[in-house]
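A structural walkthrough
Single-letter residue listing:
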Amino acid sequence: MIDRPLRRRAARALFLLFCFIAASSLPAQQRWSELPAIPVPELESAAPPVREVLSRAVEQEQRFRRQIEDPAALANAYLGLGDVYLAHDYREQARRAYLNVLDLTPDRSEVHYRLGIIASADGRAEDAVAQYDRALRNAHPDVLVPGRIRRGNELLELGRVDEALDDFSRAVELAPDTPAAIGGLGRAQLRSGRLEEAARNLRRALEIQPAATSLHHSLAMALRELGRVDAARAALQQAGDGEAGFADPVLASIQMQSRSPQYYLEAGLAQAGQGNYEAAADLLGRADALDPGDPDILAALGEVLVRLGRVDEAVERFERLVMIRPDSADAHLYLGQALQRRGDLSGAESAYREAARLAPGDDRPTAALARLDLHAGRAAGAAEAFAALLAAAEDDDREFYRYWFGMSRLAAGDCAAAQRTLEQGAESGALNPALAQALARIRATCGEAGEQDLAEALAWAEELYYAEPTLESAATLAMVYAARGRFTDAVDLQAQAIFEALKQGRLDARPDLQADMARYREERPAERPFATDHPVFRVD
Amino acid sequence: MGLALGAPAAPAAWFEDVTAAAGVDFRYETGADGAFRFPEIMGGGAALLDYDGDGWLDLYLVQGGDFGPGVDAAGRPQRDRLYRNVTGERGALAFVDVTEAAGIEARGYGQGVAAGDYDGDGDADLYVLNFGPNQLWRNDGDGTFTDVTEAAGVGDPAWSVSGTIADLDGDGDGELVSVNYVDYSFDAHRDCQAAGSSRTDYCSPSAYAPVTDTLYRNDGNDRFSDVTSAAGMDAPQPGLGVVAADFDADGRVDLYVANDGEPNQYWLNRGNVTFIDEAFLAGNAVNASGAAEAGMGVDAADPDRTGSLDLFVTHLVRETNTLYLNDGKGWFTDATGRSGLGPPSLPKTGFGTAFVDFDRDGWLDLYVANGAVVAESDQLAAGDPWPYRQPDQLFAGVDGRTWRDATAEAGPALDVSLSGRGAAFGDLDNDGAVDVVVAHSGGPIRILRNVAAPGRHWLGLSVETGAGLHGTALWLLDADGRRAARFRPRTDGSYASASDARVVVGLGDEATARSVEVTWPDGTAERFDGLAPDRYHALRRGRGTESPRNPEP
């Protein structure tokens with residue numbers, strides 16, 4: 001005997017089935033009219049190029065709702081519409097368009113994948129996982145690996161580490177050399193306490209993609225937990241924001257729907273102008289994805305990446321720029337500067353030489369090469385180059401080259417000549433902090449200096465120190481104090497310089513600080529203004 | 001016997017809004033006039049302190065006011081307000097405005113406030129953080145305050161948001177830490193647009209150069225010295241939140257600064273007022289993915305009862321709030337993933353926050369005051385003149401390492417959407433239930449009375465250590481005299497605010513007397529026995545019994 005509540009439930013089920021059959025038998029046109037319309041985005045505040053393309057999209061939707069009868073064709077129209085919205089970051093409109101696609105053609109893996117991307121961007125991690133789950137059932141080939149990587153990332157965010165491990169492991173099996181899969185696996189292993197494996201995988205991902213600098217942080221945490229604290233510190237020195245990459249054909253196709261790369265270039269430059277380098281890098285990255293061969297985009301993106309400290313990524317952009325514009329001196333110069341920031345001085349030198357060859361009248365590569373000479377201890381060659389640059393310099397650059405000419409002479413061991421050069425700079429009224437520091441030190445050590453000169457040097461050194469009490473300003477003031485016989489004060493200031501070096505982890509690299517301290521304790525002044533390998537002469 | 005846990009049933013409601021009934025009518029005025037000047041979007045804050053020593057928490061509210069290049073700051077009509085708690089006299093939660101009587105004349109463009117006994121005279125002083133010179137108000141102990149800023153030399157001109165008053169050199173008086181944001185000025189103002197939009201909105205901090213926080217060493221007699229550089233803290237970052245505590249158990253009070261969009265700083269105290277930032281190696285500079293997040297508010301506590309202080313930092317929309325667990329040596333791991341705190345925070349921008357056992361079940365809960373910093377598109381489309389509203393959230397502690405989103409069951413008081421900023425936490429009516437005061441950018445102050453789980457028991461503790469508060473640890477002992485849980489008396493943390501220095505320990509359904517051990521700032525331990533439940537106890541040094549070191553829990 002069927003009880004009353006159960007009978008009620010059975011009747012309700014029959015009613016719902018009837019409704020479903022009735023709806024299925026409606027004419028297609030009628031059902032489509034019941035598809036929710038995509039909310040019209042607020043376009044007034046949108047940038048003009050975006051407003052134009054989205055206005056067109058709004059009109060198109062009205063048209064194809066009226067005109068298209070085939071559900072598959074209508075679904076594809078909504079898919080295209082969703083991609084246009086998503087490409088311009090109108091995520092809610094894109095989401096509604098994709099839901100209409102699924103209403104018309106259910107269980108489309110690549111559409112669920114798109115909904116997963118939107119949920120991830122909105123911070124709805126659980127929804128994202130649910131969408132990726134559906135995307136990976138009967139998965140479209142284009143989402144097989146990226147779907148697992150994206151789901152793994154969301155699962156990590158949700159603390160579902162074991163499931164994340166499964167996803168990343170499978171992604172590595174399917175695409176063994178994908179940094180985001182290997183790095184993700186390493187991050188998941190770190191979270192589950194599998195430290196050695198984590199470190200191994202994170203290192204491997206970084207070998208494949210050195211620009212994935214964010215992985216250095218996870219690597220450092222794994223090494224820290226393994227007790228390798230020094231190695232952890234070294235890894236942290238390289239940590240940055242660069243994310244591990246993976247091929248994502250679906251997202252790439254969406255990005256192709258977006259505005260012309262010119263829009264993103266201009267928007268990126270505007271953000272850079274406001275100091276929003278992260279946003280600028282994002283926008284310029286989009287421009288780069290749309291037009292990987294545009295030299296203006298590559299140059300702008302490379303510069304922003306350098307400013308963000310993402311030097312490996314910057315090098316990659318400038319290398320592409322050089323391939324596209326092999327005859328551009330600027331391209332080689334930018335590459336040289338990025339390589340120099342990365343510590344690849346021989347690569348930088350080659351790039352500067354090529355820039356100098358292409359533009360013999362451009363003093364920038366010549367000056368960069370001279371700085372490399374100074375760094376390498378080839379002081380005489382540097383002095384010769386800076387002397388030539390000084391002779392040919394316009395007013396604006398004259399004092400810059402005079403300073404480096406003087407410093408090169410100092411590095412070459414000719415203190416008197418260096419002092420003459422730098423004093424000319426001071427007399428010309430161009431006393432900047434770098435020049436004041438160098439002259440104060442020279443007067444306090446190897447140079448000619450009367451009582452009045454030393455008093456002036458002391459005033460400069462004190463002003464520098466009180467404006468910014470750094471390692472170098474403390475050491476400079478100590479040097480001048482010692483020259484004036486104030487050895488107790490010199491010891492105090494030198495102790496501060498040493499403490500600053502200790503804090504910065506640079507004490508071992510600065511034996512000159514301890515040597516000068518020993519002299520002050522013995523009531524002797526410093527011997528030379530700068531050690532031969534002092535950072536002032538170096539470019540790294 | 002450990003903590004007696006309360007029944008798992010959720011309370012009927014957690015909070016009720018009693019602002020109007022309590023007689024507090026205050027609104028933080030941003031002075032916004034459509035120019036989108038950055039400081040307009042970041043204030044304000046509140047402080048809870050018993051300024052008159054009558055045993056009831058009073059309320060200090062920071063005011064912004066008219067703002068812009070043409071505004072005469074000294075003549076600004078709006079100013080901070082001090083409200084005296086008169087609940088003891090009236091029988092129901094009530095405050096009266098005593099600003100003038102107390103001598104408070106604070107007309108700076110206020111952002112936040114810190115409270116603490118900097119001069120060790122037994123009463124709480126106030127350090128007001130402004131866009132423009134800060135102000136130090138010395139509590140004279142007679143119901144009035146004196147502005148000692150100029151003589152003390154602590155009128156930090158930088159844009160300050162949060163601060164702490166803590167004894168960092170162990171000499172018994174309190175140093176001042178002013179957490180400073182970015183180098184904004186009217187002359188250097190920038191018009192910023194959201195990416196992909198031509199609509200003007202408030203800039204992100206990366207549009208301006210960050211500035212260095214300031215450490216003022218207390219030299220005694222209301223005199224301070226700026227020792228920021230000598231302390232090794234000359235490292236500009238856009239700071240917003242700060243806590244002072246001994247994180248690495250070396251007996252010295254360290255500092256943790258939450259920075260907006262840049263790595264947080266973890267200043268380990270090396271003695272002689274010198275610090276070193278070890279945040280990266282310690283694992284609390286960035287999140288588990290290695291990404292710097294937009295740190296706003298912060299609190300430190302021992303929710304998992306390991307005896308070490310963990311950290312909770314609130315963040316921008318589309319970033320999770322982050323829980324860092326301390327391994328006991330001062331090294332942290334981002335444990336947000338399994339905590340239940342991550343996903344619910346993604347759609348919100350969190351500011352003021354604190355670990356508090358609101359329902360007294362023995363597990364620390366978390367309150368997060370939320371508010372947007374970039375206009376919410378739906379509010380903008382609806383014509384909202386201040387479209388930066390988001391509802392606050394409550395997370396109920398489950399087992400010390402996981403929380404559940406209890407916002408929906410918190411009652412109508414949390415079904416309100418404003419632009420939350422500072423939040424102060426304290427027991428306003430001395431009923432053992434910690435209440436919440438939330439300051440809102442461009443909105444009214446809200447006083448949320450805690451009405452959760454009225455039958456549950458508690459133990460109220462206050463320690464009389466003056467400026468040494470943040471170097472003091474409270475340990476609830478179990479029946480065998482073992483440390484069952486650690487509590488951190490503090491006034492700092494949250495965002496731009498100062499909280500009740502007392503500690504309320506939730507005892508669940510257990511109504512028996514308990515024992516507590518205090519580790520004083522000099523490291524000595526003292527035990528206090530027979531502390532009756534459901535009342536406050538003042539723990540005075542030398543009144544308990546000397547305690548041998550207990551094993552860590």
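Residues numbered from 1 in each chain as written. Chains lettered and ligands numbered in written order. Predicted model: local features only at pLDDT ≥ 70, side-chain atom pairs only at ≥ 80, totals over all residues.

Let's shift gears to the overall build of chain B. The helix and strand tally for chain B stands at four helices and 40 strands. Taking 24 Å as the expected radius of gyration for a compact globule of 553 residues, we find that chain B reaches 21 Å, a close match to that expectation. Counting all 553 residues of chain B, 62% fall into the buried class. Considering only intrachain contacts with a sequence separation of at least 6, the fraction spanning at least 24 residues in chain B is 62%. (Helix = DSSP H or I, 4+ residues; strand = E, 2+ residues; numbered from the N terminus. Rg over C-alpha atoms; globule rule 2.2 N^0.38 Å. Buried ≥ 20, exposed ≤ 12 C-beta atoms within 10 Å, placed from the backbone. Contact = placed C-beta atoms within 7 Å.)

This brings us to the overall build of chain A. Tallying secondary structure elements over chain A gives 29 helices and zero strands in all. Here chain A has a C-alpha radius of gyration of 32 Å; the compact-globule value for 540 residues is 24 Å, and the former is much larger. By principal-axis analysis of the C-alpha atoms, chain A measures approximately 115 × 50 × 40 Å. The buried share of chain A, taken over its 540 residues, is 48%.

Turning our attention to the confidence of the model for chain A. When pLDDT is averaged across chain A, the result is 88; 93% of the residues are at 70 or more. Taken as a whole, residues 1–30 of chain A scores under 50 in pLDDT and shows five contacts with residues more than four places along the chain or in a different chain. (pLDDT = per-residue confidence, 0-100.)

Time to look at helix α7 (residues 125–136) of chain A. Residue pairs three or four apart in sequence face the same way in an α-helix, which turns once every 3.6 residues. Residues and elements named next belong to chain A. Its twelve residues give α7 an end-to-end C-alpha distance of 16 Å, which sits within 8% of 16 Å, the value for a rise of 1.5 Å per residue. Listing the buried residues of α7 in full gives Ala125, Ala128, Val129, Gln131, Tyr132, Arg134, Ala135 and Leu136. Check the buried side of α7 and you find it contacts α6 (109–121) and α8 (144–157). Positive phi shows up at Asn138, right after α7, with a value of about 50°. (Expected span 1.5 Å × (residues − 1).)

Here we come to the sheet that holds strand β28 (residues 403–405) of chain B. Residue and element names in this part refer to chain B. Spatially, the four strands line up as an open sheet ordered β24-β25-β27-β28, and their pairing is antiparallel. The open sheet has two edge strands, β24 (350–356) and β28, and neither has a second partner. Neighbour to neighbour, the strand axes of the sheet diverge by 20° on average, direction disregarded. Pairing analysis gives three bridges linking strand β25 (residues 365–370) to strand β27 (residues 393–397), with the strands arranged antiparallel. Directly across from Tyr367, in β27, lies its bridge partner Leu394. (Pairing = 2+ DSSP bridges. Axes fitted to C-alpha atoms, helices over the stretch in contact; angles between N-to-C directions.)

It is worth spelling out the packing of helix α4 (residues 71–87) of chain A against helix α5 (residues 91–104) of chain A at this point. All names here are of chain A. Two elements in contact, α4 and α5, have axes separated by 8 Å at closest approach and are oriented at 165°. Classified by the interaxial angle, the pair formed by α4 and α5 is roughly antiparallel. At the point where α4 passes α5, the crossing takes the left-handed sense. Across from Pro71, Leu74, Ala75, Tyr78, Leu79, Leu81, Gly82, Tyr85 and Leu86 in α4, the residues of α5 making contact are Arg91, Gln93, Ala94, Ala97, Tyr98, Asn100, Val101 and Leu104. (Parallel < 35°, antiparallel > 145°, perpendicular 65-115°, else oblique. Left-handed = near helix turned anticlockwise from the far one by under 90°.)

Taken together, the contacts link 36 residues of chain A with 33 residues of chain B. Only α7, α8, α12 (215–225), α13 (229–237), α15 (261–273) and α16 (277–290) of chain A provide two or more residues apiece to the side of chain A that touches chain B. Of the residues contributing to the side of chain A that touches chain B, the split by class is 15 nonpolar, eleven polar and ten charged. (Nonpolar A, V, L, I, M, F, W, Y, C, P; charged D, E, K, R; others polar.)

Okay, the pairing of strand β4 (residues 81–85) of chain B next. Residue and element names in this part refer to chain B. Counting buried positions along β4 yields five of five residues, so the element is predominantly enclosed. Here β4 shows two buried faces, one formed by Arg81, Tyr83 and Asn85 and the other by Leu82 and Arg84. Note that strand β3 (residues 58–61) and β4 share three bridges and pair antiparallel. Considered in β4, the bridge of Leu59 is made with Tyr83.

Glancing now at the packing of α15 of chain A against α16 of chain A. Helix packing geometry: the angle between the two helix axes and the distance between the axes. Residue and element names in this part refer to chain A. Two numbers describe how α15 lies on α16: the axes approach to 8 Å, and their chain directions differ by 165°. The orientation of α15 relative to α16 falls into the category roughly antiparallel. The chirality of how α15 crosses α16 is left-handed. Of α16, the residues touching α15 (which contributes Pro261, Tyr264, Leu265, Ala267, Gly268, Gln271 and Ala272) are Tyr277, Ala279, Ala280, Leu283, Leu284, Arg286, Ala287 and Leu290. Grouping the amino acids of the contact of α15 with α16 by side-chain chemistry returns twelve nonpolar, two polar and one charged.

It is worth spelling out the sheet that holds strand β37 (residues 514–519) of chain B at this point. In sheet architecture, strand pairing relies on hydrogen bonds along the backbone and comes in two forms, parallel and antiparallel. All names here are of chain B. Pairing in this open sheet of five strands is antiparallel, and the strands run β35-β34-β37-β38-β40 from one edge to the other. Either end of the sheet is taken by a strand with one partner, and the two such strands are β35 (483–487) and β40 (545–546). Both strand β38 (residues 525–531) and β40 contribute to a ladder of two bridges, which runs antiparallel. Within the sheet, the bridge partner assigned to Arg527 lies in β40 and is Thr545.

Let us now look at the pairing of β35 of chain B. All names here are of chain B. In terms of burial, β35 is a largely internal element, five of the five residues being buried. Judged from the four bridges that link them, strand β34 (residues 473–477) and β35 form a sheet pairing that is antiparallel. Bridge pairing in β35 places Leu477 opposite Arg483. As consecutive antiparallel partners, β34 and β35 are separated by five residues, and within that stretch Gly481 has a phi angle of approximately 80°, a positive value.

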